[in-house]
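# Observations on the three-dimensional arrangement
Given next are the chains, with one letter for each unit.
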Amino acid sequence: MRINHNIAALSLFYEQKNVETEQSGALERISSGLKINSAKDGPSALEKSEKMRMQIRGMQMAARNVQDGVSMFQTAEGGMNNVSEMLERMRDLVLESGDSSKTDSDKKNIQLEIDQIKKGIDDITKNTNFNGKPLIASDEESEITIGNNVGDKVKFSFYDLSSASLGQKDASGKVTNSINDLNLETNSLNQNLDTIDTALSTVLDARAQYGAIENRFNDTYNDLNTSVEGVQQAESDIRDSDVAEEMITYTKTGVLMQAGDAMLAQANQFPRDILNILSNVK
């Protein structure tokens, strides 16, 4: 038994501090739901977790880009469908004009409707846009980011489906006879039909290209969502706390704290015992 140093009490005190720190950590992990609340809780795990979070955010943004791309191509599809229907109507009118029973006045009225269809096609191509970007009124190239990494892009070309661009072209791609040149008086029936059929083929090719890209984007969107789910699961395993495990730790440390308090009280009794002994010395 010593008077200057109560070694037993000091040992219990330091042990109590360790238990209290462990209990405080368990309580923090329970209240936050996170196993890693700061870098000191696991430097390498924190770095890995932050990289995963960055990857998740990147894929989520790419998924939104892909969704916008799908919406854009759906908008373009609606405009191209209208152009197809108008060209088909124009073709019907050209065939109707081939009826020998039609008078010059009848053909003139047919030509008037054809001219209005030409203007209608230009109205559609001009007004079919997405967020102010024309979709079927120019032939410029564009691209959309569809992934989290550098180079994850899809490049594609827009199509110019205006009346001046639809029709027969030469080897260099220059339009030689567009639907704007369609005339029942100056052109033969076959010439007019060839022009319309070529224009229809161009529109259908554009619809096929846009449709293929739209399907690709739908697949990419589903794949991105699956990837986000997988990375989130991995990030959760690294960073999220197991509440059941932490509750066990919190309960265990609570019992140890109570037991330590009781033992500390006993250890602090030693100096009093010495005092009692000394008080009996005469």
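Residues numbered from 1 in each chain as written. Predicted model: local features only at pLDDT ≥ 70, side-chain atom pairs only at ≥ 80, totals over all residues. Heavy atoms only, no water.

The line we're drawing: UniProt positions are given in the numbering used here, feature names are shortened, and annotations may be inferred rather than shown by experiment.
The name an unreviewed UniProt entry gives the chain is Flagellin, with Clostridium felsineum as the organism. The UniProt entry for the chain carries this comment under Sequence similarities (unreviewed entry): "Belongs to the bacterial flagellin family." Note on the chain: under the UniProt heading Function (unreviewed entry), the record states "Flagellin is the subunit protein which polymerizes to form the filaments of bacterial flagella."

## Digging into the packing of aromatic side chains
Keep this limit in mind: Between rings of Phe, Tyr and Trp, where Trp is taken as its six-membered ring, a pair exists when centres lie within 6.5 Å; planes separated by under 30 degrees are stacked, by over 60 edge-to-face, and by other angles tilted. Every helix listed is a DSSP run of H or I at least four residues long, and every strand listed is a run of E at least two residues long, numbered separately from the N terminus. Buried, partly exposed and exposed residues are distinguished by accessible area as a fraction of the type maximum, computed with a 1.4 Å probe on protein chains only: under 20%, between the cut-offs, and over 50%, respectively.
By the definition in use, this model includes five aromatic pairs. Ring geometry for Phe-73 versus Phe-217: centroids 5.8 Å apart, planes at 65°, classification edge-to-face. Linking Phe-73 in helix H2 (residues 43-97) with Phe-217 in helix H4 (residues 189-239), this pair joins segments that are 144 residues apart in sequence. Each member of the pair, Phe-73 as well as Phe-217, is classed as buried. One aromatic cluster is present, formed by Phe-73, Phe-156, Phe-158, Tyr-159, Tyr-210 and Phe-217 through successive ring pairs.

## Here's the deal with the nonpolar core
Across soluble globular proteins, nonpolar side chains have a tendency to be buried as a group. Applicable threshold: What we call a nonpolar core is a set of buried Ala, Val, Leu, Ile, Met, Phe, Trp, Tyr and Cys residues that are connected through their side-chain atoms within 4.5 Å.
Counting 48 residues, the largest nonpolar core has Met-80, Leu-87, Met-90, Ile-114, Phe-156, Leu-166 and Phe-217 as its most contacted members. Of all elements in the fold, only H2, helix H3 (104-127), strand S4 (153-157) and H4 reach the threshold of two or more residues within this core. Among the elements that take part in this core, H2 stands out by supplying 17 residues, more than any other.

## Observations concerning the packing of H2 against H3
For the record, the criterion: Structural elements are reduced to axes, namely lines fitted to C-alpha atoms, with helices fitted over the stretch in contact, and the angle between N-to-C directions of any two is expressed from 0 to 180 degrees. Throughout this description, any angle smaller than 35 degrees is read as roughly parallel, any larger than 145 degrees as roughly antiparallel, any in the 65 to 115 degree range as roughly perpendicular, and the remainder as oblique. Crossings are assigned a handedness: left-handed for a near helix turned anticlockwise from the far helix by less than a right angle, right-handed for a clockwise turn. Contacts are assigned to residue pairs that have any heavy atoms within 4.5 Å of one another.
Relative orientation of the contacting elements H2 and H3 amounts to 170°, with a least axis distance of 10 Å. Classified by the interaxial angle, the pair formed by H2 and H3 is roughly antiparallel. At the point where H2 passes H3, the crossing takes the left-handed sense. Contacts between H2 and H3 involve Gly-79, Asn-82, Val-83, Met-86, Leu-87, Arg-89, Met-90, Leu-93, Val-94, Glu-96 and Ser-97 from the first element and Lys-107, Ile-110, Glu-113, Ile-114, Ile-117, Lys-118, Gly-120, Ile-121, Ile-124 and Thr-125 from the second.

## Overview of the pairing of strand S6 (residues 175-178)
Put simply, the rule is: The pairing criterion for strands is at least two bridges between them, as found by DSSP.
Of the strand pairs in this sheet, strand S5 (residues 167-169) and S6 are connected by three bridges, and their pairing is antiparallel. The residue bridging Lys-169 from the neighbouring strand is Val-175, located in S6. If you look at the hairpin formed by S5 and S6, you'll find five residues sitting between the two strands, and Gly-173 has a positive phi there, around 90°.

## A look at the pattern of salt bridges
Inclusion rule: We count a salt bridge whenever a side-chain nitrogen from Lys or Arg sits within 4 Å of a carboxyl oxygen from Asp or Glu.
A full pass over the atoms with the stated rule returns ten salt bridges. The partner of Arg-89 in a salt bridge is Glu-113, and the shortest N-O contact between them spans 3.0 Å. One end of the pair, Arg-89, is in helix H2; the other, Glu-113, is in helix H3, with 24 residues separating them in the sequence. The exposure class assigned to Glu-113 is partly exposed, which follows from its relative accessible area of 30%. The salt bridge partner of Glu-143 is Lys-153, with a shortest N-O separation of 3.2 Å. Taken together, the residues Glu-143 in strand S3 (residues 141-145) and Lys-153 in strand S4 connect sequence positions ten residues apart. What makes Glu-143 partly exposed here is its relative accessible area of 36%.

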